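Given next are the chains, with one letter for each unit.
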Amino acid sequence: MSRELYYQAEADFDRASQIAASNSLSLDAPSDGCYQLRSQSPKWIINYYPRGSGLKPRIFHDEHHRGPFLRLPDMPTLTDFVEAAVKANTTAAKVDE
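For clarity, every value in this text was computed on a predicted model and none was experimentally measured. (Residues numbered from 1 in each chain as written. Predicted model: local features only at pLDDT ≥ 70, side-chain atom pairs only at ≥ 80, totals over all residues. Heavy atoms only, no water.)

1. Some details on helix 1 (residues 3-22)
Point 1. Taking 1.5 Å per residue as the helical rise, helix 1 with its 20 residues ought to reach 28 Å, and the 29 Å between its terminal C-alpha atoms agrees with that figure.
Point 2. The positive-phi residue at the C-terminal boundary of helix 1 is Ser 24, with phi of around 60°. (Helix = DSSP H or I, 4+ residues; strand = E, 2+ residues; numbered from the N terminus. Expected span 1.5 Å × (residues − 1).)

Below, the structure written as structure tokens:
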């Protein structure tokens, strides 16, 4: 990975982490190439795996703690992923009320 791409990825993670934290979500990087977004209420976990070479990222729900359906652009960034989760989580909370 070039330095420029590394700095872009780092800035994207920082931006996504701030968005997650301001909406009571937790964004972690448990390993290289994997990001995990968690909600405590309702409890869910979604894993985001960015891929190189122009391939779409992979997104998987934890089978025991399924998260909301996410509407994403064709090639989502980590920030797009977190914003979609925030929107879906907010929508789900309004439906539950």
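2. A closer look at the sheet that holds strand 1 (residues 25-31)
Point 1. Strand order in the open sheet formed by 4 strands is 1-2-3-4, and the pairing between neighbours is antiparallel. The strands lining the two open edges of the sheet, one partner per strand, are strand 1 and strand 4 (58-61). For this sheet the average axis-to-axis angle between neighbouring strands, irrespective of direction, equals 20°.
Point 2. Strand direction decides the pairing type here: strand 2 (residues 34-40) and strand 3 (residues 43-49), joined by 6 bridges, are antiparallel. Its bridge partner being in strand 3, Arg 38 is matched across the sheet by Ile 45. (Pairing = 2+ DSSP bridges. Axes fitted to C-alpha atoms, helices over the stretch in contact; angles between N-to-C directions.)

3. With respect to the side chain of Ser 39
Point 1. Looking at where Ser 39 falls in the secondary structure, it is placed in strand 2.
Point 2. Using a relative accessible area of 1% as the deciding quantity, one classes Ser 39 as buried.
Point 3. Among the polar contacts listed, one links the side chain of Ser 39 to the backbone oxygen of Pro 42, at a separation of 2.7 Å.
Point 4. Among all residues touching Ser 39, those that are not within four sequence positions of it are Leu 25, Trp 44 and Asn 89. (Buried < 20%, exposed > 50% of the residue type's maximum accessible area, 1.4 Å probe, protein only. Polar contact = N/O pair within 3.5 Å; in protein donor to acceptor, adjacent residues only side chain to side chain. Contact = heavy atoms within 4.5 Å.)

4. Topic: the packing of aromatic side chains
Each aromatic ring pair is characterised by the separation of its centres together with the angle its planes make.
Point 1. Applying the stated criterion across every chain, the model contains 4 aromatic pairs.
Point 2. Look at Tyr 35 and Tyr 48: their rings are 6.3 Å apart centre to centre, the planes differ by 50°, and that puts the pair in the tilted class. Of this pair, Tyr 35 sits in strand 2 while Tyr 48 sits in strand 3, placing them 13 residues apart in sequence.
Point 3. Given the relative accessible area of 18%, Tyr 35 is considered buried. (Phe/Tyr/Trp six-rings, centres within 6.5 Å; stacked < 30°, edge-to-face > 60°.)

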